[in-house]
Amino acid sequence: MATIPTNTNDVFTDAKPGDKRPPPKYPSQHMPLSRKDSVMVTPGAEGLTVPQGAHTGKCIGVFTSGGDSQGMNAAVRACVRMGFYLGCKVYMIKEGYQGMVDGGDNIVEASWPSVSGIMQLGGTVIGSARCAEFRERSGRLRAAKNLLENNITNLVVIGGDGSLTGANLFRQEWDGLLQELVETGQVTPEKRDQCRSLNIAGMVGSIDNDFCGTDMTIGTDSALHRIVEAVDAITTTAASHQRAFVLEVMGRHCGYLALVAALASEADWVFIPEWPPEPNWEDTLCNKLVLERKLGLRLNIIIVAEGAIDREGKAITGEMVKNLITTRLKFDTRVTVLGHVQRGGRPSAFDRILGCRMGAEAAVALMDATPDTPACVVSLDGNQTVRVPLMECVERTKAVQKAMDAKNFQEAVRLRGRSFQNNLFTYRKLSKLQPPPNMCDEKGELCKKTKNLALMNIGAPACGMNATMRSFVRLALTRGYRVLGIQDSLDGLLRDNVKPISWTEVTGWSSAGGSLLGTKKQTAGKVGYEKIAAAMEKHQINALCVIGGFEAYYSVLQMTQERKNYKAFCIPMVVIPCTISNNVPGTDFSLGADTALNEITDICDRIKQSATGTKRRVFIVETMGGYCGYLATMSGLAGGADQAYIYEESFNMEDLQGDVRHLKTKIYEKGVQRGLILRNENANSNYTTNFIYQLFSEEGKGTFTCRMNVLGHMQQGGQPTPFDRNYGTKMAAKAVEHLIGQVEEYSRDDGTVYSDDPKSATLLGMQKRHLEFTPVENLAERTNFEQRLPKHQWWLKLRPLLRILAKHESKYVSDAMAAGVDEVEEEDNI
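Just so it is clear, the structure is predicted and the values come from calculations on it, not from any experiment. Throughout this description, residue numbers start from 1 for each chain and increase along the sequence as written. Totals for whole chains, interfaces and linings use all residues, but because this is a predicted model, local features are given only for residues with pLDDT of at least 70 and pairs of side-chain atoms are given and counted only at 80 or more. Only hydrogens and water are set aside when side-chain values are computed; all heavy atoms of the structure are taken into account.

Remarks on the side chain of Arg-470
Here is step 1: Under the scheme used here, helices are H or I runs from DSSP no shorter than 4 residues and strands are E runs no shorter than 2 residues, and both carry numbers assigned from the N terminus. Note on placement: Arg-470 falls in helix H15 (residues 465-478).
Here is step 2: We call two residues in contact when some of their heavy atoms are within 4.5 Å. If we skip the residues at most four places from it in the chain, Arg-470 touches Leu-263, Glu-266, Leu-430, Val-506, Trp-509 and Ser-510.

Here is the structure:
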């Protein structure tokens, strides 16, 4: 068992910018890596170093095809710049397959500046177009000739299943096309032999998330942002006038957008093509809306996917639903068709980072390919980059549509994958008006089971807490368990601020930021074990769910270590990590971090835009995170930063001077107008944000000017992103099932629940491809308690990518793994 510090005053002092970095007190604690060290993959992680310039002389072509989606530009930029790192020439093919067929000026060699300043733009800067000519062999013959003129034998395709299928056909015909070009005298036999094989790597750019083989397609998260922003805005006017609103969203063949938006916005009803409503759904819907009004609810939100159908395959439209409600119920009802608004706007931080990771891996995958390597799609499985055979994905995607055409809707949902199934199951549970009467009363006080599940927040507030609590409360009540809400953390427990939470009490919580239950930054050891144990016994707490940051994890760990002294702690306990700092061990992602990343990225976009049309300028921006550099690194990747200074990667004056020279070169020689430098608040006690600002201002004189911005608590505010709402909802669902299972397992004949098994005190987190419960005592060995950090942090392996995309010297480490479509779809990920 790992030794943990007992003096919480030493460990949990609130770190301020400029605080002196304390020396390590514990032998197991690691010191920060240097820049040289950090080019290696994170200890314990898998990865293969990709040498710089290893593929000099090869040529890559990148194009976007089909419908546009936010994040495509980030993918194009990453592919181009990773190609340069590998030593390749990279060509951008404008207007998709049409540009490939037409050739000429549509195929242009990319340069470093040509992909600068495009990450924050929606759509695709290189254009996309439908191309009937490429569907014919004659068109593909012209395309092959145009590629050969530029020695392009490696293609990165960013598009949907149609675009990827076309690329695979092109690859299969390549040898025959080259032979025909030789026979007609259009190319020489030498050119044919030089370009004998065509390699294909695909990335799925589609807002619908309708492609099997990946958790998220590029653009989906941004489209969800547009939808949820619209629903949040509509709810205020709907409530003012007691209106019903029907929102029609995209999703002709896939209901993912509608389903997840319904989960995130607490919609009353959702229509999706994979799961049509039961017969007589009109009566069921109207009865539900009438009952909601009787319960005092002033608005109704109904979301309809554009491809929604009934059980007979007949279309269900937003206008049909509106006419039903106005005719039968006489409710004031409006229809809003979001249309192409969902495709527009700036990409979310998630889509920018996804595009960067996928674009870089696509370029590497092409260089790894051999003539016998099948075309692949670079995908995301949980938090793991994977390469999946392209045609496996295409065939699975087509199988979903075949199942829907055959009215085998259960099979269609199964083929969408476990994550989609669980989204649907969770929505159907959460969207009910009240718990099943045979399980619990409306107030949540009289429940079938005699056991109590307690819910508490500990730590700083973060977006996603309320969505998690809503899901936990309702899913527990449907199982017949009473949920005790503990207000204001451990202090509230000691003051008896504990009461059952009802079904209707958590209505509307998903969209709220902060913590509606109240939270404080404190730990069990500081509050007092004896007092906490007595309060838990007093309120008959049989299981505990704690939502919060490092303090939440540490408190549960402390109580677990004290089980030998207090039997009140011998109950099932689960921690759901929720902190913008993302510094809790045992999980790749913490709730709230995505919202904070989007806040930082949005602010950085506006900061850079403020200098448009003025002199050349470099911005120094300070982010939060304590000693964890996650926010600085990931927002740097999403914002196209030139550098991000963090505690985990030490730097010195020589590094700072080198960064100034690097910026001067980019601005003076490459014509770049703006620079962005991010610094974590505790990156270094001597090289403060103000020091870096003054250094860059002095050394940059004559080339650029500087401005400094400390973002502060803006990063903690705002409404939760769709990602944090959905992630919190799913984490709560997992936690409820886990706790209830353990309560039933560890119940004794006298009605008490007792377990001192380490597996009964766990932290639920995303670890690469899986959501896993890890005993908190096991996590103690992986924790740097002094700086409140995990000893191994997965995102450190993205630091080289950040530098490569900013034209710094570095070494890239690829951790992509091969996977089949069945492996990806069977995981229940975000």
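On we go.
Concerning the nonpolar core
In summary, soluble globular proteins display a tendency toward joint burial of nonpolar side chains.
Here is step 1: Formed by 155 residues in total, the largest nonpolar core has its most connected members in Met-82, Ile-303, Phe-472 and Tyr-630.
Here is step 2: Here the element with the most residues in this core is helix H11 (residues 349-368); it accounts for 13 residues.
Here is step 3: With residues up to four places along the chain from it excluded, the contact list for Tyr-630 reads Ser-581, Asn-582, Phe-589, Ala-593, Leu-597, Ser-635, Trp-794 and Trp-795.
Here is step 4: In terms of nonpolar packing, the next biggest core, distinct from the first, is built from 40 residues, Phe-134, Ile-152, Cys-195 and Val-394 among them. Residues grouped as a nonpolar core are buried Ala, Val, Leu, Ile, Met, Phe, Trp, Tyr and Cys residues, joined through side-chain atoms within 4.5 Å. Partly exposed residues are those whose accessible area sits between 20% and 50% of the maximum for their type, while under 20% is buried and over 50% is exposed, using a 1.4 Å probe and protein chains only.

Here we look at the confidence of the model for the protein chain
Here is step 1: pLDDT expresses, on a scale from 0 to 100, how confident the predictor is about each individual residue. Per-residue pLDDT for the protein chain averages 90, and the proportion of residues at 70 or more is 93%.
Here is step 2: For the stretch residues 6-31, pLDDT sits under 50, and the model shows 53 contacts to residues farther than four places along the chain or on other chains.

Considerations on the environment of Ile-316
Here is step 1: By secondary structure assignment, the location of Ile-316 is in the loop between strand E10 (300-305) and helix H10 (318-329).
Here is step 2: Residue Ile-316 is classed as buried on the basis of its relative accessible area, which comes to 2%.
Here is step 3: The spatial distance from the C-alpha of Ile-316 to the C-alpha of Ile-272 is 9.2 Å, given a sequence separation of 44 residues.

Description of the packing of helix H2 (residues 72-86) against H11
Here is step 1: Across the interface, H2 lies against H11 with an axial gap of 7 Å and an inter-helix angle of 40°. Classified by the angle their axes make, H2 and H11 are oblique. Between H2 and H11 lies a crossing of right-handed hand. Every residue of H11 that contacts H2 at Ala-74, Ala-75, Arg-77, Ala-78, Cys-79, Met-82, Gly-83 and Leu-86 is listed here: Arg-352, Gly-355, Cys-356, Gly-359, Ala-360, Ala-363, Val-364 and Met-367. Each axis is a line fitted through C-alpha atoms, and for a helix only the stretch in contact is used; angles between axes span 0 to 180 degrees, taken between their N-to-C directions. For this classification, under 35 degrees means roughly parallel, over 145 means roughly antiparallel, 65 to 115 means roughly perpendicular, and everything else is oblique. Crossing handedness is defined as follows: a turn of the near helix away from the far one that is anticlockwise and smaller than a right angle gives a left-handed crossing, while the clockwise case is right-handed.

What to know about the sheet that holds strand E15 (residues 482-486)
Here is step 1: The seven strands lie next to each other as E16-E15-E14-E17-E18-E24-E25, forming an open sheet whose pairing is mixed. Unpaired on one side and paired on the other, strand E16 (498-500) and strand E25 (770-775) mark the two borders of the sheet. Between one strand axis and the next, the sheet turns through 25° on average, direction left out of account.
Here is step 2: Judged from the six bridges that link them, strand E14 (residues 452-458) and strand E17 (residues 543-548) form a sheet pairing that is parallel. Considered in E17, the bridge of Ala-454 is made with Leu-544.
Here is step 3: The strands touched by helix H19 (residues 550-561) are E14, E17, strand E18 (573-577) and strand E24 (761-767); relative to E18, the strand with the most contacts, the crossing angle is about 160°. Any two strands between which DSSP finds at least two bridges are classified as paired.

A look at H10
The α-helix winds at 3.6 residues per turn, so residues separated by three or four positions along the chain end up facing the same way.
Here is step 1: Given a rise of 1.5 Å per residue, twelve residues ought to cover 16 Å, and the 16 Å separating the end C-alpha atoms of H10 matches this to within 8%.
Here is step 2: Every buried residue of H10 is listed here: Gly-318, Val-321, Leu-324, Ile-325 and Leu-329. The arc that holds every buried residue of H10, seen down its axis, measures 125°, which confines them to one face.
Here is step 3: The elements touched by buried residues of H10 are strand E8 (244-249), strand E9 (269-271), helix H9 (281-294), E10 and strand E11 (333-337).
Here is step 4: Two residues or fewer past H10, Lys-330 is found with a positive phi of approximately 65°. Expected span, for any helix, means 1.5 Å times one less than how many residues it has. Arc definition: it is the arc formed by the directions from the helix axis to the C-beta atoms.

Comments concerning the pairing of strand E13 (residues 384-389)
Here is step 1: With five of six residues buried, E13 is to be regarded as a mostly interior element.
Here is step 2: Examined bridge by bridge, strand E12 (residues 376-381) and E13 share six bridges and lie antiparallel to one another. Within the sheet, the bridge partner assigned to Cys-376 lies in E13 and is Pro-389.
Here is step 3: What sits between E12 and E13 in their antiparallel hairpin is a turn of two residues, with Gly-382 showing a positive phi close to 70°.

Focus: the packing of helix H8 (residues 256-265) against helix H24 (residues 722-746)
Here is step 1: Direction vectors running N to C along H8 and H24 enclose 80°, while the axes themselves pass 9 Å from each other. The orientation of H8 with respect to H24, classified from their angle, is roughly perpendicular. Of the residues in H24, those touching H8 at Tyr-256, Val-260, Leu-263, Ala-264 and Ser-265 are Arg-725, Asn-726 and Thr-729.
Here is step 2: The classification used treats Ala, Val, Leu, Ile, Met, Phe, Trp, Tyr, Cys and Pro as nonpolar, Asp, Glu, Lys and Arg as charged, and all other residues, Gly among them, as polar. Split by residue class, the contact of H8 with H24 holds four nonpolar, three polar and one charged.

Digging into the sheet that holds strand E6 (residues 154-159)
Here is step 1: An order of E5-E4-E3-E6-E7-E12-E13-E29 is seen for the eight strands of this open sheet, with the pairing classed as mixed. Taken across any chain shown, the strands that pair with only one partner, and hence form the sheet edges, are strand E5 (107-109) and strand E29 (817-818).
Here is step 2: Taken together, the four bridges between strand E3 (residues 59-64) and strand E4 (residues 89-93) define a ladder with parallel strand orientation. Across the sheet, Gly-61 pairs through a bridge with Tyr-91, a residue of E4.
Here is step 3: Where H11 meets the sheet, it contacts E3, E6, strand E7 (199-204), E12 and E13, and its direction lies at approximately 140° from that of E12.

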